[in-house]
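Fold and geometry: a report
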Amino acid sequence: MSEKAQIILDGKTYEFPVYEGSEGEKAIDISKLRDQSGYVTLDFGYKNTGATTSAITFLDGEQGILHYRGYPIEQLAEKASFLEVSYLLLYGELPKAKELNDFENQIRYHSLVHEDMKHFFEFFPSNAHPMGILSAMVNSLSTFYPKSQDPHRSANDRMRTAVRLIAKFPTLAAISYKNGLGHPYMYPDNKLGYVENFLYMMYGLPTEPYKVDPVVADALNKLLILHADHEQNCSASTVRMVGSSQANLYSAVSAGIAALWGPLHGGANQEVIEMLETIRNDGGDIQKWVNKAKDKEDPFRLFGFGHRVYKNFDPRARIIKKSCDDVLKKMGVNDPVLDIAKQLEEIALKDDYFIERKLYPNVDFYSGIIYRAIGIPTRMFTVMFALGRLPGWIAQWKEMVENKEPIGRPRQIYTGATKRDYVALKDRG
Ligand code: CMC
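Residues numbered from 1 in each chain as written. Predicted model: local features only at pLDDT ≥ 70, side-chain atom pairs only at ≥ 80, totals over all residues. Heavy atoms only, no water.

The next point concerns empty space enclosed by the protein. Taking a probe equal in size to a water molecule and rolling it over the atoms shows the remaining empty space. On inspection of all chains with the given rule, the structure shows 2 cavities of 30 Å³ or more. If you add up the space inside the largest cavity, you get close to 40 Å³. For the largest cavity, the full set of lining residues is Lys147, Ser148, Asp150, Pro151, Arg153, Asp157, Arg158, Thr161, Leu249 and Trp397. Looking at the lining of the largest cavity element by element, the count peaks at 3 residues for helix H7 (residues 155-181). (1 Å grid on protein atoms, 1.4 Å probe; cavity = no way out; pocket = protein on both sides within 12 Å on 5 of 7 lines; lining within 4 Å. Points joined across faces, edges and corners; volume = space filled by probe spheres on them. Helix = DSSP H or I, 4+ residues; strand = E, 2+ residues; numbered from the N terminus.)

Right under this line is the structure:
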């Protein structure tokens, strides 16, 4: 772009290039600002900072638009399979039939985890949160595949690591659940599809046959697609940041899982259901809880409301709300918590506090109700989010490595004590 941005500091004018993305988003490239003027920019929480350029996901928060590689999320959620979307995120194009078949076969081939890993699980407390287990287990995969430790070895090595991770992740996630129950772990059944295999490893038992319900598998496939990427969110930025030091993919994703676990990010889906249950057990006075969320003295927030980038609606939440009704109907489930969720949404959306701050239900508001209906325990909700987000994390990491991006290392403005001399212990009073 020929346009330039001018910044005037101490009476001097500095000019910076303006950058425009393929969907018309504009940015000022201030990477030379400090060299030229001595100033840095300050932006807590990176609310207005573009950390990278990316060709994976486009998101327009004002208009509620979300595209993966140009394809609208509504079309992908309706028509695609999760592995097809994973391929799209990783390779940039939808696979042809043979490409998808090969990709699925590679994932099947790598679905087992090393037998020695089973011993790790034995030492977690029975009430360990599955996200803690998953993060540790994904990191430990790097010790079984030492070649993965050099992300620049070759493009083929990177893809092999990516495929291994996508293949083993459901196996590890299911074991982290079985571990808490004290049930025997189920080996993957490679005759099944990716989603069906995960359900089989979660709910199957060696003592009785388990048949996957297609309604459940369809719902889960859709949920995973809706979570598959979301550009530079907290966990994806974490994966890119950790990967930028040239740490291996397993370790970068393990850090991403830790970032996702927090209640302001992916951990919100567990919090939403717990909040709805609390409201119900408290007598169902929804206005009382809305008032608490508005009270600045009260730490309570309405989980599942608000988003850093969506200021109109979250397109994922719209799709989930509809499929929530469909799934409950098809499965004949009547969940009173859904009524509370609907009333809460109605009251909050009419409230000036939420209107002024543009706070709308986000992806996590209704997803927990579907997870519950299809039998996923509450503590596994964020694991489900992680399973969905995995191809996005990998695509973000791969893009960062292939673009040879520099190590992530922000600046700061120091506000601590100015220089002072060391005082010997005996003289400190
Ligand atoms: N309940 C009550 N007030 C809220 C909420 C909420 N859920 N969310 C934001 N606010 C208020 C906030 O107190 C602030 O008010 P004021 O301007 O008077 O200080 C204003 O709205 C702006 O909020 P913010 O915290 O500055 O916005 P943010 O962009 O830093 O945070 C958020 C975004 C998602 C962390 C936040 O909205 C939140 O905590 N929501 C609840 C947790 C949640 O549902 N997270 C899942 C997000 S979707 C999944 C994902 O992609 O991670």
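Here we come to the site of the ligand. If you check the shell around the ligand, you find 22 residues, and the closest are His265, Arg301, Leu302, Gly304 and Arg308. Leucine 302 places a polar main-chain atom, nitrogen or oxygen, 2.7 Å from a nitrogen atom of the ligand. Across the complex, the protein chains shield 78% of the 940 Å² of accessible surface that the ligand would expose by itself. Among the residues making up the shell around the ligand, the classes are represented as 10 nonpolar, 5 polar and 7 charged. (Near = heavy atom within 4 Å. Polar contact = N/O pair within 3.5 Å; in protein donor to acceptor, adjacent residues only side chain to side chain. Areas by Shrake-Rupley, 256 points an atom, 1.4 Å probe, with all protein chains shown as cover. Nonpolar A, V, L, I, M, F, W, Y, C, P; charged D, E, K, R; others polar.)

What follows deals with the domain arrangement of the chain. What the domain assignment lists for the chain is domain 1 (4-65) and domain 2 (71-410). For domain 1 and domain 2, the distance between their C-alpha centroids amounts to 31 Å. Listed as interface residues are 16 residues of domain 1 and, on the opposing side, 18 residues of domain 2. Summed over both partners, the interface of domain 1 with domain 2 buries about 1400 Å², with 53% contributed by carbon and sulfur atoms. The tally of links between domain 1 and domain 2 comes to 0 salt bridges. Applying the counting criterion to the domain 1 and domain 2 interface returns 8 residue pairs in polar contact (both at pLDDT 80 or more). Counting residues per element, the side of domain 1 that touches domain 2 draws most heavily on strand E4 (residues 57-60), at 3 residues. Across the side of domain 1 that touches domain 2, the residue classes tally to 5 nonpolar, 8 polar and 3 charged. (Domains from an automatic or database assignment. Contact = heavy atoms within 4.5 Å. Buried area = accessible area lost by both parts, 1.4 Å probe. Salt bridge = Lys/Arg side-chain N within 4 Å of Asp/Glu carboxyl O.)

Reading across from one edge, E4-E5-E6 is the order of the 3 strands in this open sheet, with antiparallel pairing throughout. Across the chains shown, the open sheet's two edge strands, defined by having one partner strand only, are E4 and strand E6 (71-72). Bridge count between E4 and strand E5 (residues 65-68): 4 bridges; the pairing is antiparallel. Bridge pairing links aspartate 60 to isoleucine 65 in E5. (Pairing = 2+ DSSP bridges.)

One broad rule of soluble globular proteins: the nonpolar side chains tend to lie buried together. Ranked by internal contacts, the top residues of the largest apolar core, which has 118 residues, are Tyr68, Leu165, Phe169 and Ile369. The element that contributes the greatest number of residues to this core is helix H18 (residues 381-402), accounting for 13 residues. Apart from residues lying up to four places away in sequence, tyrosine 68 is in contact with Ile56, Thr57, Ile73, Leu76, Val85, Leu88, Leu89, Ile225, Leu226, His227, Ala228 and Asp229. (Core = buried A, V, L, I, M, F, W, Y, C linked by side-chain atoms within 4.5 Å. Buried < 20%, exposed > 50% of the residue type's maximum accessible area, 1.4 Å probe, protein only.)

Overall, antiparallel pairing links the 3 strands, which are arranged E1-E2-E3 in an open sheet. Because the sheet does not close on itself, it has two edges, and the strands there are strand E1 (4-9) and strand E3 (26-28). Taking each pair of neighbouring strands and ignoring which way they run, the sheet shows an average axis angle of 30°. Judged from the 6 bridges that link them, E1 and strand E2 (residues 12-20) form a sheet pairing that is antiparallel. Bridge assignment links leucine 9 to a residue of E2, and that residue is lysine 12. (Axes fitted to C-alpha atoms, helices over the stretch in contact; angles between N-to-C directions.)

Another aspect to go through is helix H14 (residues 315-331). Compared with an ideal rise of 1.5 Å per residue, which puts 17 residues at 24 Å, H14 spans 24 Å between its outermost C-alpha atoms and is within 8% of the ideal. Of the positions making up H14, those classed as buried are Pro315, Arg316, Ala317, Ile319, Ile320, Ser323, Cys324, Val327 and Leu328. Structurally, H14 contributes buried residues whose contacts are with E5, helix H2 (73-79), helix H9 (214-226), helix H15 (336-350), helix H17 (363-373) and H18. Of the residues one or two after H14, glycine 332 is the one with positive phi, at around 65°. (Expected span 1.5 Å × (residues − 1).)

A few words now on the pattern of salt bridges. A full pass over the atoms with the stated rule returns 22 salt bridges. Here lysine 294 ties to aspartate 351 by a salt bridge, and the two come within 2.8 Å at their closest N and O atoms. Placement of the pair is lysine 294 in helix H13 (residues 286-294) and aspartate 351 in the loop between H15 and helix H16 (352-356), with a sequence separation of 57 residues. The exposure class of aspartate 351 is buried, given its relative accessible area of 12%.

Attention now goes to the packing of helix H10 (residues 234-243) against helix H11 (residues 249-261). Packing of H10 against H11 brings their axes to within 8 Å, and their N-to-C directions diverge by 150°. Taken as axis vectors, H10 and H11 run roughly antiparallel relative to one another. When you trace H10 past H11, the crossing you get is right-handed. Residue-level inspection shows Cys234, Ser235, Thr238, Val239, Val242 and Gly243 of H10 in contact with H11, the latter providing Ser251, Ala252, Val253, Ala255, Gly256, Ala259 and Leu260. Looking at the contact of H10 with H11, its residues break down into 8 nonpolar, 5 polar and no charged. (Parallel < 35°, antiparallel > 145°, perpendicular 65-115°, else oblique. Left-handed = near helix turned anticlockwise from the far one by under 90°.)

So, about the pairing of E5. The hairpin turn running from E4 into E5, its antiparallel successor, is 4 residues long, and glycine 64 in that turn takes a positive phi close to 70°. Where E5 lies against E6, 2 bridges are found, and the strand directions are antiparallel. Within E6, the residue paired with histidine 67 across the bridge is proline 72. Linking two consecutive strands that pair antiparallel, namely E5 and E6, is a turn of 2 residues; a positive phi of about 50° is found at arginine 69 within it.

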